[in-house]
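# A structural walkthrough
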Amino acid sequence: GQVSILDALAKYQPTDAKDALSVIERVMPRLQHANSAVVLSAVKVILRYMKTCYFHTENVNSIEDDTETLNSIRKKLAPPLVTLLNSDLEEITYVALRNINLIVQAEPKILENEVKVFFCKYNDPIYVKLEKLEIMIRLVSERNIDQVLLELKEYAQEVDVDFVRRAVRAIGRCAIKLEKAAQRCINVLLELIQTKINYVVQESVIVTTDIFRRYPQKYEAIIATLCENLESLDEPQAKASMIWIIGEYADEIENADELLENFIDSFEDETAPVQLQLVTAAVKLFLKQPDKTSAHEMVQKVLGLATDDASFGNPDLRDRGFVYWRLLSADPDAAKAVVLADKPTITDDTHKLDKDLLDQLLARIATLASVFHKPPEAFVTRETQLAGMDGNGEDEYTEFDEDTPKTTVSSTNNNNTSQPVAPPPPQSGEVDLLDMSDLGFSTPAQQPQSEPTQQTLAQGLLGDNDDLLFGGTSTSNPTLPKRQKIVVCQPSAQSGGIGISAAFELENGQPQLELVVLNQSQRPLNNLAIQFNKSALGLAPAKAQIPFIPPVPPNGGSSPAVVPIVANSNMLAPTSALDPSTTTLTLQVAMKNSDTGSIFYFAVPVPFEVLFSPDGAVERSTFIEMWKSIDDSLETYSTVSDLPTGPSIDAASAKLQARRAFHVARRTVPNAQGTEVVFFSIKTLGPQPHHFLVELTFKAGLPACKVCVKTTSQPFANLAKTAIETILRAP
C-alpha cells in the first residue's frame, strides 16, 4: 500500500518549489522504513520533486541547484541508501546497487562522501563486486583517489581473472577522469606490470593506450616499461594497443622498426584488428622516420601483404592498404596530414547512460527497468488481437514465451491502462494492418493477385475510404468548449496582493494564455510584466507587458487579460529536462507589478492539444513512410472507455480534427467484423516541431476505442496520448 501511494505521488506534478518541498518533508520518514521497496520508492519521489526545486529561483531564466535546502535533502538521502547495502540477501544488495548506480549518475553529491561503503568484501558474489566497482568509479574524486587506488590495487591481485581485468580497467578510467591524479594512477599500473602476471600486464597495456589518448605527449616515460613486456602479449586487443603505441611514438622509440618487425613476421596469423594496426603503424613509422631504410622496406612489405588478394580476404585491410599506398605515392605531405593528424581527446563515458534514458529510468526506480537499466519496452513483450476488445472495452493480452514466433509491439505506456499491440502475422487471406516490414499487403484469397503499386501499398495499410481524407468529414466541426480557469497564484504578501487564475486556449488558431487578475491590494493595478521560463517547446509571451485600461480596481477588483503565445528558439529547454512519464506539461511563469516592483512566480498547466500546429496534415503515402521509419517499440497505447460520442466514429473524428489532429484515412479491418481503424497525423508548434502518428481502433456498438501514438519524440509520447484521450473524453 505504501509503495502504491508513493508511486502515485511520483506521478504528481507539483505547482512550485513550496509544494514540492512540502511533499518531500512528508515522504522523508519513509526513508527509515524497514522494507527496501518503500525506501526506494520514497527516494524516487524525493528525486522527482527535487527537479521542481531547481527551477524555483529569483531569476526565472536561471537554474540554481546548489542551495542549502537541496544539500540538506541530499544528506538525508545518503544514510538510507547505505543501509540498503547491509542486507543479508545478496539479491537485495544487487538491486540496491543497480538503483544507486542510476542515482549517483543524476545526483553524485548524495554519496560523494560514502565511497568506502562500496569497497568489495572478499565474500561478495562477482555480480555485486562488479556493480560496486562501477559505482566507485562514479564517486571517485581528488579527495578520495588515494583510498580508491589502494583498494583497486588489492583487487588487481585477486584470483578471479575477470574481476582483476575490471579492476585494472578501473584504474585507467580513474586516470582519464581525474587529470591531477593521472600520474598516481599510472604509478599503480607500473607496479602491476612489474608483477609480470600475464593478464594483468595485457590489461595494463590496453588502458595505457586510453591514457595516452587522453593526455598526448605527457606520460611517454612509461613506454620503455611497456616495451620490455612485449613478448608476454598474446591477446589481440593487447597486441593492437601495443602496436598503436609504437606507431604513435615511433619518433621517440629508437628501435621502433625492430619492435614492429616482431609482429610483422606473424602478420598472416594475426587477427584483423592487429593487422589493421600494423598497417597504420608501419605508415606512421615511415612518415616520422623517412630517412630510415628499414622504414621504407617495412612499409612496402606491410602494404604488399595487406593488398595481396591471394593471401587475405579482408576488404577493410585491403582498402586501407590501397588508400595508404596511393597517398604515399601521390602526396607524402597529404599522407602526413591524414595519418598524423591530431586525434580528439577521449573522456570516460563507459557505461554512462543517455540523459533521456537516465531520466526515464529514474522515474522507474524500484522496478525491473531500474535493475536492467533498460526501458520496459526493451524486455516486456505483449500481444493482442485487433478484435480483442471485450464488451467492457478492455484488451485481452496473451503473454508469449521467447521461442514463440510472433509479431509484437512493446508496451511503452506508463499508466496502468490497457496497452494493445500489433496483431499476429496474418493467416491466409488476412490483411495485417501494421505489417510495415515491406509496406506490402496480402490480397484476400478470392481475389486475383497483382503486382503491388505505391497506391495499392498505401491502401493495404490505410484502406480505400477517402471520404474523410485530410480533414474532410461528413460531420461539422464542433464548437470548442472553453476551459475552466484554475487559480495558479493566491493573493499574498509575496505577490503584492495580486491573485491569478489562468487557462490556455486556442483562439482563431492562436494559442493564448487567458487570465483573470484579482487585485486585493490597496492601490489600482495598471500594468504587469510577464516572462516564461525555458520549456521543452520554447513557449514565450508575444508581448512582455499586460496593460490594464482602465486599471484593475483595488480591494477585490478583477479584470481579464489575454497573452498571445509564440514559439521562440531562444526559450527552448533540453528535452532531457522533461520527465518521459509525465502526462501534463507545466509552464513556469514570472510576473512583475510595474507599479510596486514586486515579483512573484507560479506554474500553469499547458494542455498539449493547444500546441498542435495547423500544418500537421500529411499525405497518405507520406504517412506510410513515416510509420515504417519509426520502430514499433516507440508506440504508446491506452484504451478510452465511455466515449461521450458513443460508438460514433465520425463524431470522435470531428472532435480530433477541431483540435488540429488531421485525418489521414479510415478503413475496415478484414476478418474482424465491425472493427474499424482511423489514422491521424499531428505536429506541434515551435522551432523544433514534433510529429505524432495516431491510430484509433473502434468496434461497432462499443462507446470505446484504442489509442496508439507512434513517434520518435519519446519524451512527448505520453503528453500526446493524454491529449488525444482528453479530446475524446471532452463533452
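Higher on the page you've got the structure.
Everything in this summary refers to the structure shown in the same document. (Residues numbered from 1 in each chain as written. Predicted model: local features only at pLDDT ≥ 70, side-chain atom pairs only at ≥ 80, totals over all residues. Heavy atoms only, no water.)

Reading across the sheet, the four strands line up as E9-E7-E11-E12 and stay open at both edges, with antiparallel pairing between neighbours. Sheet topology places strand E9 (545–552) and strand E12 (599–606) at the edges, where each strand pairs with a single neighbour. The sheet shows a mean angle of 30° between the axes of neighbouring strands, direction not considered. (Pairing = 2+ DSSP bridges. Helix = DSSP H or I, 4+ residues; strand = E, 2+ residues; numbered from the N terminus. Axes fitted to C-alpha atoms, helices over the stretch in contact; angles between N-to-C directions.)

Our focus in this paragraph is the pattern of salt bridges. Tallied over the full model, the rule gives 27 salt bridges. Residues participating in the shared-partner salt-bridge network are Arg-165, Arg-169, Glu-203 and Glu-235. (Salt bridge = Lys/Arg side-chain N within 4 Å of Asp/Glu carboxyl O.)

Attention now goes to the environment of Val-148. Among the structural elements, Val-148 can be located in helix H7 (residues 145–155). Each C-alpha atom, one on Val-148 and one on Leu-133, is 9.9 Å from the other, the two residues being 15 residues apart in sequence. Each residue touching Val-148, except ones within four places of it in the same chain, is listed here: Val-115, Met-136, Val-140 and Cys-174. (Contact = heavy atoms within 4.5 Å.)

Applying the stated criterion across every chain, the model contains 13 aromatic pairs. Here the aromatic rings of Tyr-215 and Tyr-219 are separated by 5.9 Å at their centres, their planes lie at 85°, and the arrangement is edge-to-face. We note that Tyr-215, like Tyr-219, is buried. An angle of 70° between the planes, with centres 5.7 Å apart, marks the rings of Phe-623 and Phe-679 as edge-to-face. Of the two residues, Phe-623 is situated in helix H21 (residues 620–629) and Phe-679 in strand E15 (residues 675–683); the sequence distance between them amounts to 56 residues. Of the two residues examined, Phe-623 and Phe-679, each falls in the buried class. Three or more aromatic residues link up through ring pairs in this structure, and these residues are Phe-608, Phe-612, Phe-692 and Phe-716. Taking NZ or CZ as reference, Lys-129 lies 5.2 Å from the ring centre of Phe-163, over its face. (Phe/Tyr/Trp six-rings, centres within 6.5 Å; stacked < 30°, edge-to-face > 60°. Buried < 20%, exposed > 50% of the residue type's maximum accessible area, 1.4 Å probe, protein only. Lys NZ or Arg CZ within 6 Å of the ring centre and 35° of its normal.)

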